[in-house]
Each structure stands twice: as C-alpha cells, then as structure tokens.
Amino acid sequence: MFNSSLVAYPKVRLRRLRKNQAIRDLMQEIHLSKKDLICPIFVQEGISKPVKIKSMGEIKRFPLKNIDNEIESIIDLGIKAIILFGIPSNKDDNATSAFDDDGIVQRTVRHIRKNYGEKLAIITDACMCQYTSTGHCGIVKNKTVDNDSSLQILGKIATSHARAGADMIAPSAMMDGQVHAIRENLDSNGFTDTGIIGYSAKLASPLYGPFRDAANSYPEFGDRKSYQMPFTNRNEALKEVETDINEGADIVMVKPAIPYLDLIYQIREMTTTPVCAYSVSGEYAMIKAAALEGWLSEDNVMTELLVSIKRAGADMIITYHAKRMAQLLDE
Ligand code: PBG
Ligand code: ZN
C-alpha cells in the first residue's frame, strides 16, 4: 500500500490543510452531533425537591413531580435520548420495587411518554443494585450473587419497563444470559418492538464511585468482580459482546469509555451491530473537579474526549456532559 521510495517527502506539507479555520472545517473527519448523545436522568422516590449529587457537578436526583423542567430543557437542547435510573424508597432481598408497575422508573416512563410523546427515545437501565438490600446487581443466595434467579427478575423488570412505554431496555447487571432472558420475557408478553442495549463489556471499575453516591447502590459486602469483567482482559470483552449479539442485543455497549477506547475500536471492527459507549460518572467527575480548580478547561476537555470516543468507533454516547455538549454544539 505504501512504498516509501516513491514518496517525495519534501513536497508533503500537511500544514496546507490546517492553514485556517475554514480549511480545517472542510477537512474535519469526525463530527460529534447532538443526535449521538444520550442524557442520564436520576429519578428518586420520597424526595420533595431536586437534590444535587456532591461528587457529580450539576447532576441532580429529581422527584418525579419536578422532572418536567429537566425533560423540557433536554428536548429544547435537541437531545434525542435519555437513560433513566430509579432510586426507590424500599429495598428488599428480591428487588421487588424494581419490577413494580407503580415503581419509580415505571411511573416516570409513563409520565414522559404521556406528556412528551416520541420526542425522546426512552431507555431504562435494568438492574437490581438500587433495589436490593444487599446493593448487589442480582439476587444473593448463600453470600453469592445467583445468576439464574436474577435472570427471572431481570426479565420481569424489562417487561414492566416496556409496559410503561420504554423504547429500549439496557440491562446492566452483567448476569450471564441476561439479554436472552429479557428478549424471551419481552417477546412472550408481546413487546417484540422493545429494543435491548446490552451493557456488554461492562468492566469492574472504580470509576462508578460517584454513580453509587448518586444512586445509593454500594454493595453491602464484597464487590462486583464476580460479575463485572476484569479490566485486564480484551478477548473476554469481545466474547461478552459476541454473546450479547447472539442473544439478540440490538445495540452493544462498552463501559467505561475513555480507558477502553481500544475495546470500542475493536468491537466496531468486529460487528455491524451499533456500538454505544458509556462515559461514566468518574470520567465526568475528574473533569468537573479539575475544572472547578481552574486546572482544565471543562468545555475543551469534554469536547476532545467525546470526539475521541466517536473516533474510536462509538455510534452513540451516554454522557453526563450531554446538556452542556449540546449547548456548545449550537454555538
Ligand atoms: C447499575 C449501574 C451502574 C452504572 C450504571 N448502571 C453502577 C454499577 O455497576 O455499580 C454506573 C454508571 C456510572 O458510573 O456513571 N448496575
Ligand atoms: Zn447493578
């Protein structure tokens, strides 16, 4: 492809194409669009006004009754998708409030669907850690997280979200077979049009810390390393993705994003299935903290990192920067 003896190096001047902003604009290869952004929203039962999350900058937990301003500002900014996380008042051993048709996520989805129609794609996170008394992402039996009983619950959660009107369900528990179990449950209840975004390559990462503050979902004992995958492994991530695709995932996900651009790139090369990247709470918090100190320019760093995630091959990005980024893309 490339024969170095034929290249007249002295004549190559890459700076010609960087001469001024108009030329640089013409040459731009990777374009970040508002349509790529998915905005996370935390909705909490039992609070009476929005509550700031200490480790997460501008991100708040909202009571359902105060959700409208947030939804309207997201729509006005031109963002097309949200992912909802619920924080219930009641936790128990079987995550009952996670699949209650009157649960916090289900009520929120119905409210948004009723009032905003199809202006936003509504994605729901399907997991148990906010809902179990143990704070684990599955049902605990004999001090271990039991895979197959957790699958049944995940199926019920997904169907209750679909019944409320969710467009896509994103299972984040990292139980084996979760995409299959959810597909079966959705289909057998008539929700054949509800999509699944697999949190396929979800790594066991300390970068989820601020989220656990936000969602009140720290595991009560142990850690998540028996279900989330080790960050030392590459083939295992590809295998997780392959498995989710075989089980019927419509979209696959890599999470976190920035430390795993190599995986995003490799997965993009490997499959035609759309790839979503989740730039997590810790990635956001690091930028926010440095910006507060005046050590980094928040807007510039955020833009560079989000573009890098697209350049690696992600088709869409879940990011806590979504609103600010959408604002900047308008300017
Ligand atoms: C729930 C869930 C987590 C995140 C998304 N869904 C936390 C976890 O697995 O501990 C993390 C998101 C973030 O850090 O922004 N399973
Ligand atoms: Zn979880």
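Heads up: the structure comes first, above all this text.
Draft legend 1. Just the coordination of the zinc ion (ligand 2), in detail. Protein coordination of the zinc ion (ligand 2) is provided by Cys127 (SG), Cys129 (SG) and Cys137 (SG), with donor distances spanning 2.2 to 2.3 Å. Metal-centred angles of 98 to 120° between the four donor atoms at the zinc ion (ligand 2) mark the site as tetrahedral. Here the donor residues of the zinc ion (ligand 2) share one chain and are spaced in sequence as C-x1-C-x7-C. Accessibility expressed as a relative area gives 2% for Cys127, which makes it buried.

Draft legend 2. Layout of the packing of aromatic side chains. What the rule picks out here adds up to seven aromatic pairs. With a centroid separation of 5.5 Å and 55° between ring planes, the pair formed by Phe42 and Phe211 is classed as tilted. Separated by 169 residues along the polypeptide, Phe42 in strand E1 (residues 37-44) and Phe211 in helix H6 (residues 209-215) bring together distant segments of the chain. Judged by its relative accessible area of 13%, Phe211 falls in the buried class. Chaining the aromatic ring pairs together yields one cluster made of Phe42, Phe85, Tyr199, Phe211, Tyr278, Tyr284 and Tyr320. Above the plane of the ring of Tyr208 lies Lys255, whose end atom (NZ or CZ) is 4.4 Å from the centre. Positioned above the aromatic ring of Tyr278 is the side chain of Lys255, whose terminal nitrogen or guanidinium carbon lies 4.9 Å from the ring centre.

So, how was this worked out
- Residues numbered from 1 in each chain as written.
- Chains lettered and ligands numbered in written order.
- Predicted model: local features only at pLDDT ≥ 70, side-chain atom pairs only at ≥ 80, totals over all residues.
- Heavy atoms only, no water.
- Donors = N, O, S within 2.8 Å, 3.2 Å for Na, K, Ca; no water.
- Tetrahedral: all angles 85-135°; square planar, octahedral: opposite > 155°, others 65-115°.
- Buried < 20%, exposed > 50% of the residue type's maximum accessible area, 1.4 Å probe, protein only.
- Phe/Tyr/Trp six-rings, centres within 6.5 Å; stacked < 30°, edge-to-face > 60°.
- Helix = DSSP H or I, 4+ residues; strand = E, 2+ residues; numbered from the N terminus.
- Lys NZ or Arg CZ within 6 Å of the ring centre and 35° of its normal.

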